[in-house]
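# Summary of the model geometry
Below are the chains, spelled out letter by letter.
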Amino acid sequence: MADTIAETVDLLYTVDQENLTPDQQIALGAALAALAQAERLEQINERLRGIHQVLNGWALRATVDGGR
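An account of the accompanying structure is given in this report.

About the thresholds
- Note on numbering: residues in each chain are counted from 1, in written sequence order.
- Reporting in this predicted model follows two pLDDT cut-offs: at least 70 for local features of residues, and 80 or more for side-chain atom pairs to be given and counted; totals over whole chains, interfaces and linings ignore these cut-offs and use all residues.
- Side-chain metrics rest on all non-hydrogen atoms present in the structure, leaving aside hydrogens and water.
- The residues that make up patches have over 30% relative accessible area and no salt bridge, and they are joined within 9 Å when like-charged or within 5 Å when they are Val, Leu, Ile, Met, Phe, Trp or Tyr.
- Surface accessibility in these figures is a Shrake-Rupley result with a 1.4 Å probe; residues are shielded only by whichever protein chains are displayed.
- Put simply, a salt bridge is a Lys or Arg side-chain nitrogen that is within 4 Å of an Asp or Glu carboxyl oxygen.
- Helix and strand definitions here come from DSSP, where helices need a minimum of 4 consecutive H or I residues and strands a minimum of 2 consecutive E residues; each element is numbered from the N-terminal end.
- Only protein chains enter the area calculation, which uses a 1.4 Å probe; residues under 20% of their type maximum are buried, those over 50% are exposed, and those in between are partly exposed.

## Points about a nonpolar patch on the surface
Taken together, the side chains of Leu 41, Ile 44, Leu 48, Ile 51, Val 54, Leu 55 and Trp 58 make up a nonpolar region of the molecular surface, amounting to roughly 680 Å² of accessible area. By secondary structure assignment, the location of Val 54 is in helix H2 (residues 22–66). The exposure class of Val 54 is partly exposed, given its relative accessible area of 43%.

Structure, rendered in structure tokens:
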């Protein structure tokens, strides 16, 4: 699946925009906006994973420390 995404991204960035109809330009703009949003969501997801790991670490320590 990652190869398909990478190929799609490559295609989006290699489109010759000068030869597109207005409708095609709008569609390309929408596709690029969707790509940017997906990239941003992935960044958010990575940060949430990091936060989750920290919280799990705190919970584990609280369990160990509370059991003494």
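Having seen the structure, we can now continue with the description.
## Quick look at the pattern of salt bridges
The tally for this structure, following the rule as stated, stands at one salt bridge. Note that Glu 42 is salt-bridged to Arg 49, the shortest N-O span being 3.3 Å. Judged by its relative accessible area of 44%, Arg 49 is partly exposed.

Interpretation in functional terms is not warranted from these geometric data alone.
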